[in-house]
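Report on the structure
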Amino acid sequence: MPKGYLVANIRVTDAEKFQAFAGMAAPAIKKYGGKVLARGPLADRHEGKLTGTVMMIEFESKQAAETFYFSDEYQAAKAVRETCSDTDLMIIEGAE
């Protein structure tokens with residue numbers, strides 16, 4: 001079964017609140033079997049105009065990534081994230 005990936009581009013508008021989000025999201029990522037593969041603001045942007053922090057998290061499957069995303073734990077963290085950032089987020093199935 002192909003892996004599932006959550007990919008996000010996050011533009012933080014309030015660093016203090018974002019730290020609270022990160023503190024809530026990290027345990028949920030771990031609980032649902034996620035593995036952070038990449039995180040940081042220093043992506044080499046060769047095309048497009050998006051700025052911000054890029055995050056890529058691997059899960060055992062796309063369904064596992066969806067289960068994480070719609071979990072009560074992550075939805076609570078997401079509510080905080082929405083107060084302190086603008087985010088583009090997608091979940092995709094890995095290539096076999």
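Just so we're clear, the structure is a prediction, and the values are computed from it rather than from any experiment.

By secondary structure assignment, the location of arginine 81 is in helix H3 (residues 72–81). Buried within the structure, arginine 81 lacks any salt-bridge partner; its nearest side chain of opposite charge belongs to glutamate 82, at an N-O separation of 4.6 Å. A distance of 3.1 Å separates a polar atom in the side chain of arginine 81 from a polar atom in the side chain of threonine 87. Beyond its immediate sequence surroundings of up to four residues, arginine 81 is in contact with Phe18, Phe21, Tyr74, Thr87 and Leu89.

If you look at the biggest cluster of nonpolar residues, it comprises 19 residues, and the most contacted ones within it are Leu6, Phe21, Ile57, Phe59, Phe68 and Tyr74. Elements that contribute at least two residues to this core include exactly strand E1 (4–12), helix H1 (15–31), strand E3 (53–59), helix H2 (62–69) and H3. Sorting elements by how many residues they give to this core places H1 first, with five residues. In this view, phenylalanine 21 contacts Tyr74, Ala77, Lys78, Val80 and Arg81; residues no more than four positions away in its chain are not counted.

Feature annotation in UniProt places "domain: DUF1330" (unreviewed entry) on residues 3–94, given in this structure's numbering. Counting secondary structure, residues 3–94 comes out at 38% helix and 34% strand; the distance between its end C-alpha atoms is 5 Å.

Scanning the entire structure with this criterion turns up four salt bridges. In this structure, lysine 3 engages glutamate 60 in a salt bridge whose closest nitrogen and oxygen atoms are separated by 3.1 Å. Of this pair, lysine 3 sits in the segment before E1 while glutamate 60 is found in the loop between E3 and H2, placing the two residues 57 residues apart along the sequence. Overall, glutamate 60 belongs to the exposed group, its relative accessible area being 54%.

Sheet strands pair by backbone hydrogen bonding; their relative direction is either parallel or antiparallel. Read across the open sheet, the four strands follow the order E2-E3-E1-E4; overall the sheet is antiparallel. A strand with exactly one partner marks an edge of an open sheet, and here the two such strands are strand E2 (35–40) and strand E4 (85–93). Taking the axes of each pair of neighbouring strands and ignoring which way they run, one obtains an average angle of 15° across the sheet. On the sheet, H1 packs against E1, E2, E3 and E4 and is oriented at approximately 170° with respect to E1. Sheet contacts for H2: E1, E3 and E4; angle to E4, the most-contacted strand, approximately 150°.

This structure, assessed with the given rule, holds seven aromatic pairs. Centre to centre, the rings of phenylalanine 68 and tyrosine 74 are 4.6 Å apart; their planes meet at 45°, and the pair counts as tilted. No difference in accessibility class separates phenylalanine 68 from tyrosine 74, as the two residues are buried. An aromatic cluster is present here, built from Phe18, Phe21, Tyr32, Phe59, Phe68, Tyr69, Phe70 and Tyr74 joined pairwise through their rings.

Here is what the cut-offs are and how they apply
- Residues numbered from 1 in each chain as written.
- Predicted model: local features only at pLDDT ≥ 70, side-chain atom pairs only at ≥ 80, totals over all residues.
- Heavy atoms only, no water.
- Helix = DSSP H or I, 4+ residues; strand = E, 2+ residues; numbered from the N terminus.
- Buried < 20%, exposed > 50% of the residue type's maximum accessible area, 1.4 Å probe, protein only.
- Lys, Arg positive; Asp, Glu negative; His and termini not counted.
- Salt bridge = Lys/Arg side-chain N within 4 Å of Asp/Glu carboxyl O.
- Polar contact = N/O pair within 3.5 Å; in protein donor to acceptor, adjacent residues only side chain to side chain.
- Contact = heavy atoms within 4.5 Å.
- Core = buried A, V, L, I, M, F, W, Y, C linked by side-chain atoms within 4.5 Å.
- UniProt positions renumbered as here; feature names shortened; annotations may be inferred.
- Pairing = 2+ DSSP bridges.
- Axes fitted to C-alpha atoms, helices over the stretch in contact; angles between N-to-C directions.
- Phe/Tyr/Trp six-rings, centres within 6.5 Å; stacked < 30°, edge-to-face > 60°.

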